[in-house]
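# Structural overview for review
If you want the building blocks of each chain, they are given just below.
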Amino acid sequence: MPKRGNAPIQGELLQGTLDLLILKTLALGPAHGHTIAYAIEHRSEDVLQVEHGSLYPALHRIEDRGWISSFWGTSENNRRARYYRLTPEGRKQLTEQTNRWDEIVKAINRVLRPA
Amino acid sequence: MSIKRFLHRSRWDDERARELDAHLAIEIDENIARGMSPSDARDAARRKLGNTTLIREEIYRMSTIGFVETLIQDLRYGGRRLLRLNPGFAAVAILSLALGVGANATMFQLLNALRIRTLPVARPEQLVEVRIAGDNLNRSGSFEGRHAVLTNPLWERIRDRQEAFSSVFAWASPVFDLSAGGESRPVDGLWVSGDFFTTLEVSPMLGRVLTSADDRRGCASPPAVISYGFWQREYGGSASALGRTLTLDGNPFEIVGITAPGFFGVEIGRHFDVAVPLCAEQISRGLHSYLDANDGWFLAAIGRLKPGWTIEKASAHLRAISPPMFKETLAKYRPEDEKSYLDFRLGAIPAGTGVSNLREYERPLWLLLATTALVLLIACANLANLMLARATAREREIAVRLALGASRIRIARQMLAESVLIAVAGAGVGAVLAQWLSRVLVASLATQNDRVFLEVAGDWRVFWFIAMLAAATCLLFGLLPAIRATATAPGDAMKAGSRGTTDTRQRFGLRRILVVVQVALSLVLVVGALLFVRTLRNLTTVDAGFTKSDLLVAVLNFRRAGIPDVRIAAAHANLLERLRHQPGMEDTAKVRNVPITGSFSNRELVIGGVTRPESVNFNWISDRYFRTMSAPLLAGRDFSDRDTATSQPVAIVTESFARVFFDGQNPLGKTFQIDEAPGTPRPVYEIVGLARDAKYNDVRDPFEPLVYVPATQNEPPGSTLRLVVRSRLPLAQATSTITALAREVHPSIVVEFRTMQSQLNDSLMRERLMATLSGFFGALAALIATVGLYGVMSYMVARRRNEIGIRMALGADRREVVGMVMREAGRLLGAGVLVGLVASIVAARAASTLLFDLSPGDPLTLLTAAASLGAVAIVASYLPALRASRLEPTEALRDE
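What you see is a predicted model; the values in this text were computed from it and never measured.

This part is about the overall build of chain B. Regarding its fold elements, chain B presents 29 helices and 25 strands. On C-alpha atoms alone, chain B measures out to a radius of gyration of 38 Å, which is more than a quarter above the 29 Å that the 2.2 N^0.38 rule sets for 896 residues. Referenced to the eigenvectors of the C-alpha coordinate spread, the extents of chain B come out at roughly 135 × 75 × 55 Å. Buried positions account for 52% of the 896 residues belonging to chain B. Looking at chain B alone, contacts between residues at least 24 apart form 80% of all its contacts between residues at least 6 apart. Accessible area for chain B stands at about 39,600 Å²; split by element, carbon and sulfur atoms hold 58% of it. Averaging the coordinates of the 103 positive side-chain charges in chain B and doing the same for the 88 negative ones gives two points 6 Å apart.

In this section: the overall build of chain A. The helix and strand tally for chain A stands at 4 helices and 5 strands. Along chain A, helices (α) and strands (β) appear in the sequence β-α-β-α-β-α-β-β-α when read from the amino end. If you take every contact in chain A between residues at least 6 apart in sequence, the share linking residues at least 24 apart comes to 50%.

Residues and elements named next belong to chain B. Most of strand β20 (residues 650-654) is tucked away: 5 of the 5 residues are buried. By the alternation rule, side chains of β20 split into V650, I652 and T654 and A651 and V653, which are all buried. Sheet topology note: the β20/strand β23 (residues 706-710) ladder contains 2 bridges and is antiparallel. Pairing of V653 across the sheet is with V707, part of β23.

The next subject is the side chain of D214(B). Positionally, D214(B) belongs in the loop between β8 (204-207) and β9 (223-226). Once you skip the residues sitting within four places of it in the chain, D214(B) turns out to touch R208(B), V209(B), C219(B), P223(B), P277(B) and C279(B).

A word on the packing of aromatic side chains. Given two aromatic rings, their pairing is described by the distance between the two centres and the angle made by the two planes. Residue and element names in this part refer to chain B. Within the structure shown, the criterion is met by 30 aromatic pairs over all chains. Relative to F197, the ring of F196 has its centre 4.9 Å away and its plane inclined at 85°; by these criteria the two rings are edge-to-face. Judged by centre distance (6.0 Å) and plane angle (45°), the rings of F618 and W620 are tilted. Pairwise contacts between aromatic rings join F618, W620, F657, F661, F662, F672 and Y685 into one cluster. We note R139 situated over the ring of W297; from NZ or CZ to the ring centre the distance is 4.7 Å.

Residue and element names in this part refer to chain A. Between the first and last C-alpha of helix α3 (residues 52-65) there are 21 Å, a value that for 14 residues agrees with the 20 Å anticipated at 1.5 Å per step. Taken across its 14 residues, α3 has 10 buried, putting it largely inside the fold. Looking at α3, one finds that the buried residues are H52, G53, L55, Y56, P57, A58, L59, H60, I62 and E63.

On to the pairing of strand β11 (residues 251-259) of chain B. Residues and elements named next belong to chain B. In terms of burial, β11 is largely enclosed, as 7 of its 9 residues are buried. Direction of pairing for β8 relative to β11: antiparallel, over a ladder of 3 bridges. Pairing of L206 across the sheet is with I258, part of β11. Judged from the 4 bridges that link them, β9 and β11 form a sheet pairing that is parallel. Each bridged residue has a counterpart across the sheet, and for V225 the counterpart in β11 is G257.

Once that is clear, we can look at the interface of chain B and chain A. Listed as interface residues are 23 residues of chain B and, on the opposing side, 23 residues of chain A. Carbon and sulfur atoms make up 53% of the surface buried where chain B meets chain A, a total of about 2,200 Å² over both sides. For the interface between chain B and chain A, the tally reads 4 salt bridges. Counting residues per element, the ones that place at least two in the side of chain B that touches chain A are α2 (9-33), α3 (38-49) and α4 (52-62) of chain B. Looking at the side of chain B that touches chain A, the element that brings in the most residues is α2(B), giving 13 residues. Broken down by class, the residue content of the side of chain B that touches chain A amounts to 10 nonpolar, 2 polar and 11 charged.

This paragraph deals with the environment of L112(A). Examined against the element boundaries, L112(A) turns out to sit in helix α4 (residues 88-112). Linking L112(A) and D19(A), residues 93 residues apart in sequence, is a C-alpha distance of 25 Å.

W171(B), F197(B) and Y708(B) are the most contacted members of the largest nonpolar core, which has 205 residues in total. In terms of residue count, the dominant contributor to this core is helix α25 (residues 765-799) of chain B (15 residues). Ranked by size, the runner-up nonpolar core spans 29 residues in total, among them L26(A), I40(A), L48(A) and V50(A).

A cluster of nonpolar side chains, W101(A), I104(A), V105(A), I108(A), V111(A) and L112(A), forms an exposed patch at the surface whose accessible area comes to about 530 Å². V105(A) sits in the partly exposed class, given a relative accessible area of 33%.

Glancing now at the sheet that holds strand β2 (residues 31-32) of chain A. Residue and element names in this part refer to chain A. Taken together, 3 strands build an open sheet; the order of strands is β2-β5-β4 and the sheet is antiparallel. Because the sheet does not close on itself, it has two edges, and the strands there are β2 and β4 (68-74). The pairing of β4 with strand β5 (residues 80-86) spans 7 bridges and is antiparallel. Along β5, the bridge assignment pairs F71 with Y83. Set on the sheet, helix α1 (residues 17-27) makes contact with β2, β4 and β5; between it and β5 the angle comes to about 95°. On top of the sheet, α3 reaches β4 and β5; it is set at about 120° to β4, its chief contact.

Before going further, it helps to examine the side chain of E418(B). Looking at where E418(B) falls in the secondary structure, it is placed in helix α16 (residues 408-445). Contact partners of E418(B), with chain neighbours within four places excluded, come to G78(B), R81(B), L82(B), M387(B), R390(B) and R394(B).

What follows is about the packing of helix α26 (residues 801-809) of chain B against helix α27 (residues 814-846) of chain B. Residue and element names in this part refer to chain B. Running from N to C, α26 and α27 cross one another at 145°; their axes reach a closest spacing of 10 Å. In the crossing of α26 with α27, the sense of the turn from one axis to the other is right-handed. Residues E803, I804, R807 and M808 of α26 form the contact with α27, whose own contacting residues are R814, V817 and M820. Its residues assigned to classes, the contact of α26 with α27 shows 4 nonpolar, no polar and 3 charged.

For the rest of this paragraph, the subject is the state of the cysteines. Residue and element names in this part refer to chain B. Evaluated as defined, the whole model comprises 1 disulfide over all chains. Paired by a disulfide, C219 and C279 hold their sulfur atoms 1.9 Å apart. Torsion about the S-S bond of the C219 and C279 cystine: about 110°, corresponding to right-handed handedness. Within this pair, whereas C219 is found in the loop between β8 and β9, its partner C279 is found in the loop between β12 (274-277) and α10 (281-285), the two being separated by 60 residues in sequence.

A separate point is helix α9 (residues 228-235) of chain B. Each α-helix winds once per 3.6 residues, and so residues spaced three or four apart point in a common direction. Along α9(B), the residues that are buried comprise F230(B), W231(B) and Y235(B). Looking straight down α9(B), one finds that the buried residues subtend no more than 100° of arc, so they occupy a single side.

In total, this model carries 47 salt bridges over all chains according to the counting rule given. The shortest N-O distance in the salt bridge between D29(B) and R79(A) comes to 2.6 Å. Of the two residues, D29(B) is situated in helix α2 and R79(A) in the loop between β4 and β5; the pairing between them involves two chains. For D29(B), a relative accessible area of 21% translates into the label partly exposed. According to the relative accessible area criterion, R79(A) is partly exposed, its value standing at 34%.

Residues and elements named next belong to chain B. Spatially, the 5 strands line up as an open sheet ordered β6-β25-β15-β24-β16, and their pairing is mixed. In this open sheet, the two edge strands, each paired with only one partner strand, are β6 (182-183) and β16 (585-590). In this sheet, strand β25 (residues 750-755) lies alongside β6 in parallel orientation, the contact comprising 2 bridges. Looking at the pairing, E183 lines up with V751 of β25. Along the sheet, helix α23 (residues 731-745) contacts β6, β15 (551-557), β16, β24 (720-727) and β25; its crossing angle with β15, the most-contacted strand, is approximately 25°. Packing of helix α24 (residues 756-763) onto the sheet brings it into contact with β15 and β25, and relative to β25 it is tilted by some 75°.

Residues and elements named next belong to chain A. Running from amino to carboxyl end, helix α2 (residues 33-43) crosses α3 at an angle of 115°, the nearest separation of the two axes being 10 Å. The chirality of how α2 crosses α3 is right-handed. On α3, the residues touching G33, H34, I36, A37, Y38 and E41 of α2 are H52, L55, Y56 and L59. A class-by-class count of the residues in the contact of α2 with α3 yields 6 nonpolar, 3 polar and 1 charged.

What counts and how
Residues numbered from 1 in each chain as written. Chains lettered and ligands numbered in written order. Predicted model: local features only at pLDDT ≥ 70, side-chain atom pairs only at ≥ 80, totals over all residues. Heavy atoms only, no water. Helix = DSSP H or I, 4+ residues; strand = E, 2+ residues; numbered from the N terminus. Rg over C-alpha atoms; globule rule 2.2 N^0.38 Å. Buried < 20%, exposed > 50% of the residue type's maximum accessible area, 1.4 Å probe, protein only. Contact = heavy atoms within 4.5 Å. Areas by Shrake-Rupley, 256 points an atom, 1.4 Å probe, with all protein chains shown as cover. Lys, Arg positive; Asp, Glu negative; His and termini not counted. Charge placed at Lys NZ, Arg CZ, Asp CG, Glu CD. Pairing = 2+ DSSP bridges. Phe/Tyr/Trp six-rings, centres within 6.5 Å; stacked < 30°, edge-to-face > 60°. Lys NZ or Arg CZ within 6 Å of the ring centre and 35° of its normal. Expected span 1.5 Å × (residues − 1). Buried area = accessible area lost by both parts, 1.4 Å probe. Salt bridge = Lys/Arg side-chain N within 4 Å of Asp/Glu carboxyl O. Nonpolar A, V, L, I, M, F, W, Y, C, P; charged D, E, K, R; others polar. Core = buried A, V, L, I, M, F, W, Y, C linked by side-chain atoms within 4.5 Å. Patch = residues over 30% accessible without salt bridge, like charges linked within 9 Å, V, L, I, M, F, W, Y side chains within 5 Å. Axes fitted to C-alpha atoms, helices over the stretch in contact; angles between N-to-C directions. Left-handed = near helix turned anticlockwise from the far one by under 90°. Disulfide = S-S within 2.5 Å. Arc of directions from axis to C-beta.

Next comes the structure, spelled out in structure tokens:
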């Protein structure tokens, strides 16, 4: 049965937006991959569906850049899981990229809705 | 992507797998919590996450460089296949390539050292040699040394008048004697003009080098500079060598400097030991000095071009200043010689690679390089054939992989990887082999009196040469099978049963062509080998006109005995007489120019009042020379002590002389004169004896007219006594007898020995080198080609099992089966031999100047080569034929 409201957006997130969303989620505290995916879906009110398959390559990529770091911990239901946390460099990136995102949104809006 | 992560990518992969498992576990827990059954929960979680292997692969690829990764995989896979599945194949392949590459690299290394590498001095490209322009110059006079290019009077004028060079020097390479008497201790010397070291910009390692201040005409006690090697050898590298006194030819020289280890002079293949100023030539040679001799050729000159001057400009300049120089330095010549002397013009040639008389080996080396290239080509063809066979055997495997979606390029690359491994391993082993082989070869070029130092250490040129060889061979034998193997449509290969429909005529045709090429090329090499082996045989067994065995040559130098010129002949005669009375000496005679040593004299004759244009060989001998040489006179009488300076001049001539000058009539009693320069008396010689023809200058020369005159009449002066001694005594005993006698006569007499046989062997070094190496390469090529033919025939028999089984079931007997296989082999062999014969005749022309008493297209050689190669090849293909005939028809058919 189709959901009410906006149809979920899947697999067509703008390049780089998934990275931004992951950084933002981790700004609230360390989390493992499963939590990150559900947090994004939850906070977007199920509009943004994170493809689990592309989540892990993204995490790997961001970690490679040194914006997040990882460690093994125990999940809420007592399972070993790999946790990610934001590094100082990642925090800086989050601010920068959020600002940039705002600029892009403003710019696109200026095009779509001329005053 | 960090290198660390690249190196640890498999550990990383494990981490990811665990992480994804954890993700699934959490998702399943939550699904169960939502009320799903455990199996539904697992399925849903898996669906949601997707293909974990793909995710891991995606991450894995991020941590790696795709090309390098697959390349490493391919190489590892290839290495495993080679070593585990086919170690025998790998060993044969690598060994045959190593021999091919090693032989090529050796030849190249020698050529590089001899011809290509520049002198180890500053800016060698600016160095040019000054010499008389043109080839086959008709120069007259006395020649000494390996580079007798200029006379001292000419050199002094060049030095004073040239404007092309910032500086210029002359040098000669005499052999000095370190000993005080008895057995000689030769060292390689240099006479250098003042600017030798400054022009080359060579600075001393210790002390100082020679300068123009040291080289003043009439210098009384000139200094000496020694080489690093001599310093190490003679003085153990002690600094106290500086200031010590060195005795060269009995004269003292003070050591003032030592050159750096890398500097060997300007002559490639030689290392100088001691360098002294050119003015010291007069001290060594005394009255026989060449410094003022207009016809004493012993020097060579090299200059450093001024900035902005080219070799052409320098040549033109030297040409322009030539005429007055030659006019001023005219010696007493015969009119024709005077004319050609006045026509001489100087020119310049590049000297950056130094000078070398070892360059007589250049042509043989290029020829050997071509030979080794052929060997490598045959080895490549053989490997290509083997790889093709392996590819055919793997056809179905490859077809399956293609059908499963492997890309053609990847499979071709995988097959090529094996070839790369073989080529690299082969080239590596070959490079090591070349280091050893080239040292052995250089060592074998040296003879007792001719030390050779050729620096054959590998440099970047050799490295690139080997790398290029490896790449080229790899492409040659690897690419074709790799392309072929993947060119078949997978469906066809899968469908094809054990009979192999893909084994089309065309593909099999390629393998046949490869075998034909191998046979043809190896025939060329076998023909070459036979030609050189027969040349050497012809030369060693050639009738020299005398008996070579048990013949000893003794050279006694009286220079330091202080005997005046007028009494030297008497001293010689005295020593000769006493030697003849020693026990065990059968016969002893004096001779001015010992045959086949390369030293000779010639004169122009006037016969019956007519001046003959050709030069005629002359030699001065004592009595009993012909008995000593075991070459009895054909007619007339030997010289005797009644032939003196005041008696009638007499001569003994050879058969060739009689034929050329007297139409073969008996020459006894006939007369001739020597065509001396105007103003010199021309005595009339009467021919008193007729001798057999004999080799003189070089054993390779045909018999030429030769005149013997008595050493007791009109012999040009000289302090050296050369003796031929026939003795049955052991060599050591004979030499010690002579040395002891010489010491009795005068303690400062220096004696040198060699046997006529070793003399001959040394003079045939080039031929021996060619015969040994080409023989080895020819045998190697024949072996590889035979293995190739054997492989193809075995393969053909295996492929046609069915057909042969049917034939036998239908009543063909064993003989017919053998005949069928042998006919096939015969066709391949025949085609190869035919192509090879034509190629041999063409190729042998390139070697014609290196042959002796053989034509390049010698039918006997061609026939022998074809027959022996054919015989070996037929034996090799008889084995598979025999195997075919032993097939059990029922078994062969059941295999279907």
